[in-house]
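Architecture and fold: a report
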Amino acid sequence: MIRRRQTIMAIQEKNYWLETVSIPAGQSSRLPEKVDVAVVGSGVTGLSAALTLAKRGLNVTVLEAETLGWGASSRNGGMVLTGMKLPTTTLIARYGREKVQRMYAASVASIDCVEQIVQQEAIDCNFSRCGHLEVACKQAHFDGYAESAATIAREFNHPLRIVPKSELRAEIGSDIYYGGLVDEVSAGLNPARYVAGLASAAQRAGAQLFDHTRAEDIRSESHNGTRQFRVRTSKGSLLAREVILASGAYTTTVTPALRRKIIPIGSYIIATEVLREELARELSPKNRMIYDSKHFLYYYRLTPDRRMLFGGRAAFFPETENTVRQSAEILRRGMVSVYPQLRDTRVEFVWGGTLDFAFDVMPHTGRIDGMYYSVGYAGHGVAIGTYLGTRIAGRICGDAESSPFDAISFPTPPIGLRSGHTWALPLAGVYYKFLDWVS
Ligand SMILES: Cc1cc2nc3c(=O)[nH]c(=O)nc-3n(C[C@H](O)[C@H](O)[C@H](O)COP(=O)(O)OP(=O)(O)OC[C@H]3O[C@@H](n4cnc5c(N)ncnc54)[C@H](O)[C@@H]3O)c2cc1C
């Protein structure tokens, strides 16, 4: 009991990543009266779009209700991952082989896209192609890896490596799993440094970024026969030829049609004290981005300064002070079940954020009420969000090629699962726990 109290005593309820960077300030000038493009939200989606648009000569303004990068983009696990959430066979049955091949290729290209931006803009965010490791929580999950790797090799020409239980110690210092699957193409980074770097790059390119500026009303108006958007904000109003909604899980009733499409799901992370070098190497010898095979999954990694960062969906509603606090102990127990070596290790930080899920667990881009949007990354948004932001910008600049996620059918969730604190979200959590138990 005393030991447990010690391990969580010094905990700070704040995002560890934000301790490693200073987030750039927004514009102090007045809002411009007229712009080519107004972007709502300054995460990876909005900022990669703004950077691309500004570099291509458009006059672009980003509106952020809080500080720059405040949403999921500065709070996540920093895993830059290939692939999509759903199994390949499900995807092919739903969209057809050719479309899914383009989707998978986009998921791989999205990592190149992040790498290219990091290099071109000299963003100091510890980007590293360290690969990811999925670990099997059940024998049946491991048995499925062979088929899944064969399908991905055949359909997408993308190699994955199966790691049997007998060789797993070369990948992870834990004995609880039945084997693993490695993808060497995935990468890791420090998300707060990445989003701060994107903001600075967009500013250098000429985009105007306004923090503490909430979009409060957006409506289409006709001006001399052309349609434009009047965007009213907490700091005045502007007229925009195009609007990009990059508000992710934090989308509000200002854009009700988009908000209805998004299921917000809380995810939480703890970070330990700095670990001894040998211990860190034992826990993750290849410094992989790791997640397990459950629906209600754990994801974890070492930070560049050798803390264990351990995350999971401890609750199924947007984060509040209480859910963050409760999550610290739930996650610590989860971490110790994976790594008994960390039983006496102090947890120093806990924080939460909100994931944006679509009802069909797919990313979606397109237009809604005349505005561009890109949402639904389901916990895989660092790479694909960056990529889709640049693609929307390309569309606005007149590029012909669309993204494979553009205008695919975008189902609206049943009423109880829509944004907001409803009875149905905790039930969804129970449902996923049930799936983990039976499958
Ligand atoms: C705890 C956690 C861990 C995660 N781990 C990973 C991971 O390891 N790898 C991965 O790939 N993905 C991960 N994700 C998901 C990933 O972080 C997101 O998919 C991605 O950051 C979404 O980016 P975005 O730009 O679309 O939205 P966000 O970064 O959420 O930005 C949206 C912004 O819009 C602003 N906004 C909303 N409404 C308005 C308005 N009316 N006016 C002005 N501003 C507004 C918000 O303030 C917010 O800052 C994780 C997410 C969380 C929460």
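One structure accompanies this document, and this report is about it. (Residues numbered from 1 in each chain as written. Predicted model: local features only at pLDDT ≥ 70, side-chain atom pairs only at ≥ 80, totals over all residues. Heavy atoms only, no water.)

A few points about the nonpolar core
Of all hydrophobic cores here, the largest spans 70 residues; its most connected members are Tyr194, Ile244 and Met362. Among the elements that line this core, the one with the most residues is helix H4 (residues 97-120), at 9 residues. Formed by 27 residues, the second largest nonpolar core is a distinct cluster that contains Leu279, Leu331, Met335 and Leu342. (Core = buried A, V, L, I, M, F, W, Y, C linked by side-chain atoms within 4.5 Å. Buried < 20%, exposed > 50% of the residue type's maximum accessible area, 1.4 Å probe, protein only. Helix = DSSP H or I, 4+ residues; strand = E, 2+ residues; numbered from the N terminus.)

Focus: the sheet that holds strand E5 (residues 161-164)
Overall, mixed pairing links the 8 strands, which are arranged E5-E6-E4-E13-E14-E15-E12-E16 in an open sheet. Each end of this open sheet is capped by a strand with a single partner; those strands are E5 and strand E16 (347-358). Sheet twist, expressed as the average angle between the axes of neighbouring strands with direction ignored, equals 20°. Sheet analysis places strand E4 (residues 132-135) next to strand E6 (residues 179-183), joined by 4 bridges and oriented antiparallel. Bridged to Val135 within E6 is Gly180. Lying on the sheet, helix H5 (residues 139-156) is in contact with E4, E5 and E6; it crosses E6 at an angle near 30°. (Pairing = 2+ DSSP bridges. Axes fitted to C-alpha atoms, helices over the stretch in contact; angles between N-to-C directions. Contact = heavy atoms within 4.5 Å.)

Details of the site of the ligand
Around the ligand sit 37 residues, and of these Thr45, Glu64, Ser73, Met79 and Ala215 come closest. One nitrogen or oxygen atom from the main chain of Gly77 is found 3.0 Å from a nitrogen atom belonging to the ligand. For the ligand, an oxygen atom lies 3.4 Å from a polar atom in the backbone of Gly78. For the shell around the ligand, the secondary-structure elements that each account for two or more residues are helix H2 (44-55), strand E12 (262-272), E16 and helix H10 (381-396). For the shell around the ligand, the element with the most residues is E16, which contributes 4 residues. (Near = heavy atom within 4 Å. Polar contact = N/O pair within 3.5 Å; in protein donor to acceptor, adjacent residues only side chain to side chain.)

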